[in-house]
Amino acid sequence: KQWYQRRVRGIQLDHAIYSLDTSENYHVCCLDNRQIQVFDAVRAEYVRNVGTVSEEEFMEAEEVGHKQRATCVKFSTENKYHCVSGGWDRTVFLWDIRVEKSAVRSFVGPKICGDGIDLIGDKCLTASFVPNDALQVLHPE
């Protein structure tokens, strides 16, 4: 069986997408500029960025988000407004997509180079780019 492309309403982006996940009403994307963006899945419209990422070097101290490439993002199975993102900077962020410019929580540790993240309840499973202890479960203490 072959899949045939249909015309759908597209969303114009200025950056390439590394990862995408969809919940009931939203799409969340990791872009190649380290930004995490949220889109309305029904209206196919931009909603907001979560976190703040600056293109300017002197603004990095004010950033909340990934310092290097974000490679994966995943919605929670239990809270339709929560998602996690991970990437090369060895940081996993828990985001509430209703809130702009702040993370609910962050964890330091796994260097994620692909789509190696999942969020089930309050536990986050990550696949780190290391030979030992590559699978890690992160959870709040």
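Being a predicted model, the structure only gives us computed values, none of them experimental.

Draft legend 1. Geometry of the sheet that holds strand 11 (residues 135–138). Strand order in the open sheet formed by three strands is 9-10-11, with antiparallel pairing between adjacent strands. Each edge of the open sheet is held by one strand with a lone partner, namely strand 9 (117–120) and strand 11. With strand direction ignored, the average angle separating the axes of adjacent strands in the sheet is 20 degrees. The pairing of strand 10 (residues 123–127) with strand 11 spans four bridges and is classified as antiparallel. Looking across to strand 11, one finds that Thr 126 is bridged to Gln 136.

Draft legend 2. Fine view of the side chain of Thr 71. Considering the arrangement of structural elements, one finds Thr 71 in strand 5 (residues 70–75). When its relative accessible area of 7% is taken as the criterion, Thr 71 is described as buried. Of note is the side chain of Thr 71, whose polar atom sits 3.1 Å from the backbone oxygen of Gly 114.

Thresholds applied
Residues numbered from 1 in each chain as written. Predicted model: local features only at pLDDT ≥ 70, side-chain atom pairs only at ≥ 80, totals over all residues. Heavy atoms only, no water. Pairing = 2+ DSSP bridges. Helix = DSSP H or I, 4+ residues; strand = E, 2+ residues; numbered from the N terminus. Axes fitted to C-alpha atoms, helices over the stretch in contact; angles between N-to-C directions. Buried < 20%, exposed > 50% of the residue type's maximum accessible area, 1.4 Å probe, protein only. Polar contact = N/O pair within 3.5 Å; in protein donor to acceptor, adjacent residues only side chain to side chain.

Such coordinate-based values are descriptive only and should not be taken to indicate function.
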